[in-house]
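Geometric and topological summary
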Amino acid sequence: PPGKPTLYGSVTRRGLSSDGVPDIMASEGFVVGEVTKKSILISCPQENVSTKFLTPYTSFCRIHQKSITCLDISSGGGLGVSTSTDGTMKIWQAANGEIRVRAFGLDVLLAWSQWSGSAWEMRCFLCLYEHSLWFHAGILDTAIVDRGRNVLSCSRDGTARLWDCGKSACLGVIADCGSPINGIAVGTADNSLNLGTPEKPPSEREVGTEGKILLLAREDKKLQGVGLQSRQPVFLFVGSDAFNCCTFLSSTYILAGTQDGNIYQLDVRNTNAPIQVIHRSGAPVLSLLPYRDGFIASQGDGTCFIVQQDLDYVLDLTEADCDPVYKVASWEKEIYTCCRDGIVRRYQLADL
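A brief report on the enclosed structure follows. Per chain, residue numbering runs from 1 following the sequence as it is written. Reporting in this predicted model follows two pLDDT cut-offs: at least 70 for local features of residues, and 80 or more for side-chain atom pairs to be given and counted; totals over whole chains, interfaces and linings ignore these cut-offs and use all residues. In computing side-chain properties, one takes all heavy atoms of the structure into account and sets aside hydrogens as well as water.

A run of H or I in DSSP counts as a helix once it spans at least four residues, and a run of E counts as a strand once it spans at least two, with each numbered from the N terminus. Helix and strand counts for the protein chain stand at one helix and 31 strands. Relative to its full complement of 352 residues, the protein chain shows a buried share of 47%. Here a residue-residue contact requires only that any non-hydrogen atoms of the pair lie within 4.5 Å. Across the protein chain, contacts joining residues at least 24 apart in sequence account for 41% of those joining residues at least 6 apart. With residues, only the protein chains shown are counted as cover, and all accessible areas are computed by Shrake-Rupley using a 1.4 Å probe. Element-wise, carbon and sulfur atoms account for 47% of the exposed surface of the protein chain, whose accessible area totals about 17300 Å². Residue exposure (1.4 Å probe, protein chains only): buried if accessible area is under 20% of the type maximum, exposed if over 50%, otherwise partly exposed.

Here it is as structure tokens:
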């Protein structure tokens with residue numbers, strides 16, 4: 001529970017039923033609830049807290065040979081894309097992990113089109129190829145604006161830039177923070193928010209930036225909001241440690257995770273104090289993803305959990321052990337995680 005010591009206990013499997021469901025016993029103070037082949041619900045009545053532990057439906061071990069640093073799922077849910085420290089990017093069937101495309105040593109940003117019969121189309125925006133001309137340090141995150149004619153990137157050099165994919169050109173520096181920007185997210189701003197006015201008219205190549213706000217998760221313990229079209233600062237929030245990632249829950253509410261394990265929920269209309277701070281461990285928060293009426297978070301100690309308003313328990317995605325879970329992606333009721341152990345895990349939430 002928030003503000004209280006962590007609760008520790010143990011569970012023991014005493015055997016299996018005839019249909020393969022484990023017989024689970026919990027230590028004193030804990031109660032075993034519903035048990036299936038894929039999940040175990042544990043509660044602590046004294047503190048009125050519960051957690052459901054969910055095992056992967058499928059694990060894909062042969063997509064990459066080394067750590068998987070990032071992944072995403074196509075809009076139709078049929079394909080996955082992942083990158084690895086082995087220097088490869090691979091596109092694979094989301095249902096079975098079968099590899100469709102291999103790419104080596106490319107700096108690309110992917111946008112997915114809808115399925116058209118049995119064919120699929122992938123647009124590779126090579127506009128980031130010439131980053132070495134602009135940046136003196138590595139690129140840490142990217143974001144797509146609307147349908148993808150423009151994309152955003154952030155770098156260790158402290159800048160966030162807007163790119164024109166059609167001409168592979170930089171349209172401008174959105175922010176120059178003087179500190180590495182570890183993560184970015186773009187979303188539609190609440191109507192009551194003042195995003196500022198551009199100092200000069202935007203380029204005709206700039207598409208879909210009006211009314212958008214860009215979040216910057218900065219290494220110097222600051223979370224910043226910037227008007228995407230105006231390039232004007234909107235807010236600046238100081239956290240407990242370096243910010244690693246950020247995301248939008250809605251046009252009003254945002255999330256951001258820090259190196260010391262804090263997840264801040266903020267209202268962009270008033271960022272003087274967070275709505276809440278979630279802290280499950282001191283491990284770095286590496287990934288945040290809005291999911292249904294809540295969110296998914298992954299951390300550097302192997303934990304990956306889901307918080308939803310309509311559930312009276314936290315849902316823990318298991319099996320990563322102590323390896324960092326670098327990224328989470330979802331499609332409908334399926335969730336995919338990538339990890340330092342080189343395994344893509346697929347979870348199904350249809351029965352929950």
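Mapped onto the elements, Ser43 comes out in strand 4 (residues 39-44). When the C-alpha positions of Ser43 and Gly33 are compared, they lie 7.2 Å apart, and in sequence the two are 10 residues distant. Apart from residues lying up to four places away in sequence, Ser43 is in contact with Gly29, Phe30, Val31, Val49 and Ser50.

So, about the pattern of salt bridges. Proximity of charged atoms lets side chains of opposite charge pair with each other. Any carboxyl oxygen of Asp or Glu within 4 Å of a side-chain nitrogen of Lys or Arg constitutes a salt bridge here. The tally for this structure, following the rule as stated, stands at 12 salt bridges. Salt-bridge contacts for Asp310 lead to Arg292; the nearest nitrogen and oxygen are separated by 3.9 Å. With Asp310 in the loop between strand 27 (304-308) and strand 28 (314-317) and Arg292 in the loop between strand 25 (285-291) and strand 26 (294-299), this residue pair connects regions lying 18 residues apart in the sequence. Across the pair Arg340 and Asp323 runs a salt bridge whose closest N-O atoms are separated by 3.3 Å. Placement of Arg340 in the loop between strand 30 (334-339) and strand 31 (344-348) and of Asp323 in the loop between strand 28 and strand 29 (325-331) is noted, with a sequence separation of 17 residues between them. Judged by relative accessible area, Arg340 falls into the partly exposed class, the value being 42%.

Let us look at the sheet that holds strand 22 (residues 253-258). Between any two strands, at least two bridges found by DSSP are needed for them to pair. Spatially, four strands are ordered 21-22-23-24 in an open sheet, and the strand pairing comes out antiparallel. Each end of this open sheet is capped by a strand with a single partner; those strands are strand 21 (243-248) and strand 24 (276-279). Adjacent strand axes in the sheet meet at a mean angle of 20 degrees, parallel and antiparallel pairs treated alike. As judged from the five bridges shared by strand 22 and strand 23 (residues 262-267), these two strands associate in the antiparallel manner. Considered in strand 23, the bridge of Ala256 is made with Tyr264. Here an angle of 0 to 180 degrees is reported between the N-to-C directions of two axes, which are lines fitted to C-alpha atoms, with helices fitted over the stretch in contact.

The pairing of strand 1 (residues 11-16) with strand 2 (residues 22-26) spans five bridges and is antiparallel. Note that in strand 2 the partner of Val11 across the bridge is Ala26. Once strand 1 ends, the chain turns through five residues before running back antiparallel as strand 2, passing Gly20 with a positive phi of about 90 degrees.

Attention now goes to the pairing of strand 26. Counting buried positions over the six residues of strand 26 gives six, a clear majority of the element. Alternating positions in strand 26 separate into two faces, Gly294, Ile296 and Ser298 on one and Phe295, Ala297 and Gln299 on the other, with burial throughout. Judged from the six bridges that link them, strand 25 and strand 26 form a sheet pairing that is antiparallel. Paired with Leu289 across the two strands is Ile296, which belongs to strand 26. Following strand 25, the chain reverses through two residues before pairing antiparallel with strand 26; Arg292 in that reversal takes a positive phi of roughly 50 degrees. Connecting the antiparallel pair strand 26 and strand 27 is a turn made up of four residues, with Gly302 showing a positive phi of about 95 degrees.

The next thing to look at is the sheet that holds strand 20 (residues 233-238). Taken together, four strands build an open sheet; the order of strands is 17-18-19-20 and the sheet is antiparallel. Edge positions in the open sheet fall to strand 17 (181-188) and strand 20, since each of these has one partner strand only. In this sheet, neighbouring strand axes are inclined to one another by 15 degrees on average, regardless of whether the strands run parallel or antiparallel. Note: strand 19 (residues 222-227) against strand 20, five bridges, orientation antiparallel. The residue bridging Gln224 from the neighbouring strand is Leu236, located in strand 20.

Time to look at unusual backbone geometry. For Asp146, which is not glycine, the phi dihedral falls at a positive 50 degrees. Mapped onto the elements of the fold, Asp146 is located in the loop between strand 13 (139-145) and strand 14 (150-155). In this structure, Arg231 is a non-glycine residue whose phi angle is positive, near 65 degrees. Mapped onto the secondary structure, Arg231 falls in the loop between strand 19 and strand 20.

Only Phe, Tyr and Trp rings are paired, with Trp represented by its six-membered ring, and only when their centres lie within 6.5 Å; those with planes under 30 degrees apart are stacked, over 60 edge-to-face, the remainder tilted. On inspection of all chains with the given rule, the structure shows five aromatic pairs. Centroid distance Trp92 to Tyr336: 6.2 Å. Interplanar angle 50 degrees. Geometry classified as tilted. Note that Trp92 is positioned in strand 9 (residues 88-93) and Tyr336 in strand 30, a separation of 244 residues in sequence. Comparing Trp92 with Tyr336 shows no difference in burial state: the two are buried. The positively charged end of Arg280 is found above the aromatic ring belonging to Phe305, 4.4 Å away from the centroid. A ring is considered to have a charge above it if a Lys NZ or an Arg CZ atom is located within 6 Å of its centre and within 35 degrees of its normal.

Attention shifts here to the environment of Gly257. Mapped onto the secondary structure, Gly257 falls in strand 22. Note: C-alpha distance between Gly257 and Leu286 (29 residues apart in sequence) is 7.2 Å. The contacts of Gly257, once residues within four sequence positions are left out, are Ala242, Phe243, Asn244, Cys245, Asn262, Ile263, Val285 and Leu288.

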